[in-house]
2 protein chains.
Amino acid sequence: MPERELIEAVERALTVRGDRVLRAAGDDAAVVRAAGVAVTSIDSVVDGVHFERATHSPADIGHKALARGLSDIAAMGAEPGEAYVALGVPDDLDTAAALELVEGMEALAERTGTTIAGGDVSAAPVLAVTVSATGWAASPDELAYRDGARAGHIAGVTGDLGAAAAGLAVLRGAGGELSEAEREELVRRHRRPEPRLAAGRALAGAGAGAMIDLSDGIAADGERLCERSGVAIELRLEALPVAAGVEAVAGELGRDPLEFAATGGDDYELLLTAPPERRDDVERAAREAGTWVRWLGRVEPGAGLRLVGPGGRVAGLRGFEHG
Amino acid sequence: MPERELIEAVERALTVRGDRVLRAAGDDAAVVRAAGVAVTSIDSVVDGVHFERATHSPADIGHKALARGLSDIAAMGAEPGEAYVALGVPDDLDTAAALELVEGMEALAERTGTTIAGGDVSAAPVLAVTVSATGWAASPDELAYRDGARAGHIAGVTGDLGAAAAGLAVLRGAGGELSEAEREELVRRHRRPEPRLAAGRALAGAGAGAMIDLSDGIAADGERLCERSGVAIELRLEALPVAAGVEAVAGELGRDPLEFAATGGDDYELLLTAPPERRDDVERAAREAGTWVRWLGRVEPGAGLRLVGPGGRVAGLRGFEHG
């Protein structure tokens, strides 16, 4: 693949948004007007680890790589800003496919007000996309952190869970009992997860104590939040908001739908805690951002996440693997 | 490799420098106090493309990946700030080796006042390291760009050239006529290229019109500068500052030492242009930053880089391949 040709085509495909980015492509580095605090993450998606080219179009892969980065920005409650993209391109990915990947990324960038401000293309044995995403806030006090959970807080989650994992199962042949439209919706949730940027900002602004995005599932990511905050969280499994269609897929595979909801991952919903007196504010903020919060339990002194079923503690949900 | 264990070991190996970084590892994203302009690049190095594990220790690879990013910051004339690192780790790289890589990177970060503020570890078929580096300046006017060259400017280069390419040749068996110390120095220049951060800031401050770092060699990178500035540059080949030891290695291989100097790449010296009346200021700034500028030619109306030998235009220097 002629690297230079691809780079030029990529530069033509990208648009600078807003007036913060002074220089994007074409120089040694991008130049961005800065104020307040910059909030930056870096994440890679690798063929065979985080996606399969058999089930993901180049545009899906581009979307997913950027969505992952923006989901981190959402979980901090920051405004999305710029993304920097490193593409590792194998011999069997032609220029048209690489451009389609960039266009999938650019479509999400456009919808979220993000500028893809810089990039790098290099040869690689398999397709790999690394995105460093930067968001902005006027002050660090506007953000929500993983370590902000306190005993007495209530804990909740936005939206619904398990759809991305069920969508993967559909891609692998499950979902025979569902309608075509239901299957497509689950697959869309797997291929095109949407970072909860508006919700993240609204929840941080409404007084969320701690927040984290669910990329590996609420069981694993909830545990991370507990660790960083030095608290225990008890969540009622039966309160988990299981997405439509998940029960049918799980039933067909002889699995518990709660496994999909608790350990499926890639839903990119937000787990948050808040002081009980902010409950109404948080609910209103979520509604105004186009989603809702389901309250699942509470934060307590101690350590670690406990997922509690109707008959007391439920141990040993079979998990999904995450790259 | 247990990913979590490695991530924790990496977090322990890293130090936050200065008071800009409010949150580094451990949250969804790093939080950095921002002002003026942020200057950001992203680059990957991939095993078999940009380095060989046979000739580069893990620490060399970590150094190289960060040096590449910081060299972009140097070429803009910005102050180094933060680096975000995505590691793609193959099965045959154990935790100790991955940590050694991070320590090689951290040593360069320490020497340059950079904080490695965030990271990601994922499985990958071959070792790949992507670094997004951010530098800072009080205003965009303090920076030097690729498009700032103007007809009438003089063009020069810092330091000397060809050592990194000659070092690679030594690793492949050349250099029999050199002393052990001379060979080691060339190999060091190949394995541990040093970003010219102090020189970049000093030169931008002294009135450099345009600047670019030489990662692919002055022939290719000079061409990029011409393109972005919309000018022609004529450089006298015989004025190129050829590094010590390059002539011996080139002679042994039956090649022209100027090929190493003009197309060898990975030297990370800076090519710059400046108005002739700033010549003394530029020279003084370079000296104060511990290096020197060799003037090679001038900027003219037109398009493209011309490398001119004693007998007129020299075409067709055999080039080196760059990943």
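Presented here is an overview of the structure given in this document. Predicted, not measured: the structure shown is a model, and the values here were computed from it.

1. A short note on the relation of the copies chain B and chain A
(1) Moving on: Taken as rigid bodies, chain B and chain A are interconverted by a rotation of 180° and an axial shift of 0.0 Å, the fit giving an RMSD of 0.0 Å. The operation mapping one copy onto its partner corresponds to a two-fold rotation axis. Judged by C-alpha distance, Ala35 of chain B is the residue of chain B that lies nearest the rotation axis, at 2.3 Å.

2. So, the pairing of strand β11 (residues 293-300) of chain A
Residues and elements named next belong to chain A.
(1) Moving on: Extensive coverage of β11 is indicated by the burial of six of its eight residues.
(2) Moving on: Note that strand β7 (residues 154-158) and β11 share five bridges and pair antiparallel. Bridge pairing links Ile154 to Arg298 in β11.
(3) Moving on: Relative to β11, strand β9 (residues 232-236) runs antiparallel, the two being bridged by four bridges. Its bridge partner lying in β11, Ile233 is registered against Val299.

3. Let's talk about the packing of aromatic side chains
(1) Moving on: What the rule picks out here adds up to zero aromatic pairs over all chains.
(2) Moving on: Above the plane of the ring of Tyr145 of chain B lies Arg23 of chain A, whose end atom (NZ or CZ) is 3.8 Å from the centre.

4. Some remarks on unusual backbone geometry
Residue and element names in this part refer to chain B.
(1) Moving on: A positive phi angle, close to 65°, is found at Asp266, a residue other than glycine.
(2) Moving on: Within the element layout of this structure, Asp266 appears in the loop between α9 (257-263) and β10 (270-274).
(3) Moving on: Overall, the relative accessible area of 15% leaves Asp266 in the buried class.
(4) Moving on: You will see that Tyr268, though not glycine, has its phi angle at about 60°, which is positive.
(5) Moving on: Of note, Tyr268 is situated in the loop between α9 and β10.

5. Details of the side chain of Arg146 of chain A
(1) Moving on: Following the sequence through the fold, Arg146 of chain A ends up in the loop between β6 (128-137) and β7.
(2) Moving on: Since its relative accessible area comes to 13%, Arg146 of chain A is described here as buried.
(3) Moving on: Among the polar contacts made by the side chain of Arg146 of chain A, one reaches the side chain of Asp28 of chain B at a distance of 3.0 Å.
(4) Moving on: Apart from residues lying up to four places away in sequence, Arg146 of chain A is in contact with Ala210, Met211, Ile212, Arg224, Leu225, Arg228 and Ser229 of chain A together with Gly26, Asp27 and Asp28 of chain B.

6. Re the environment of Leu237 of chain A
(1) Moving on: With respect to the helices and strands, Leu237 of chain A occurs in the loop between β9 and α8 (246-252).
(2) Moving on: When the C-alpha positions of Leu237 of chain A and Ala262 of chain A are compared, they lie 8.0 Å apart, and in sequence the two are 25 residues distant.

7. Re the packing of helix α2 (residues 58-76) of chain B against helix α6 (residues 197-205) of chain B
Residues and elements named next belong to chain B.
(1) Moving on: Where α2 meets α6, the closest approach of the two axes is 7 Å, and the angle between their N-to-C directions is 20°. Taken together, the axis directions place α2 and α6 in an arrangement best described as roughly parallel. With respect to the hand of their crossing, α2 and α6 are arranged in left-handed fashion. Across the interface between the two elements, Leu70, Ile73, Ala74 and Met76 from α2 touch Leu197, Gly200 and Ala204 from α6.
(2) Moving on: For the contact of α2 with α6, a count of residues per class yields six nonpolar, one polar and no charged.

Rules used throughout
- Residues numbered from 1 in each chain as written.
- Chains lettered and ligands numbered in written order.
- Predicted model: local features only at pLDDT ≥ 70, side-chain atom pairs only at ≥ 80, totals over all residues.
- Heavy atoms only, no water.
- Least-squares fit on C-alpha atoms with pLDDT ≥ 70 in both.
- Buried < 20%, exposed > 50% of the residue type's maximum accessible area, 1.4 Å probe, protein only.
- Helix = DSSP H or I, 4+ residues; strand = E, 2+ residues; numbered from the N terminus.
- Pairing = 2+ DSSP bridges.
- Phe/Tyr/Trp six-rings, centres within 6.5 Å; stacked < 30°, edge-to-face > 60°.
- Lys NZ or Arg CZ within 6 Å of the ring centre and 35° of its normal.
- Polar contact = N/O pair within 3.5 Å; in protein donor to acceptor, adjacent residues only side chain to side chain.
- Contact = heavy atoms within 4.5 Å.
- Axes fitted to C-alpha atoms, helices over the stretch in contact; angles between N-to-C directions.
- Parallel < 35°, antiparallel > 145°, perpendicular 65-115°, else oblique.
- Left-handed = near helix turned anticlockwise from the far one by under 90°.
- Nonpolar A, V, L, I, M, F, W, Y, C, P; charged D, E, K, R; others polar.

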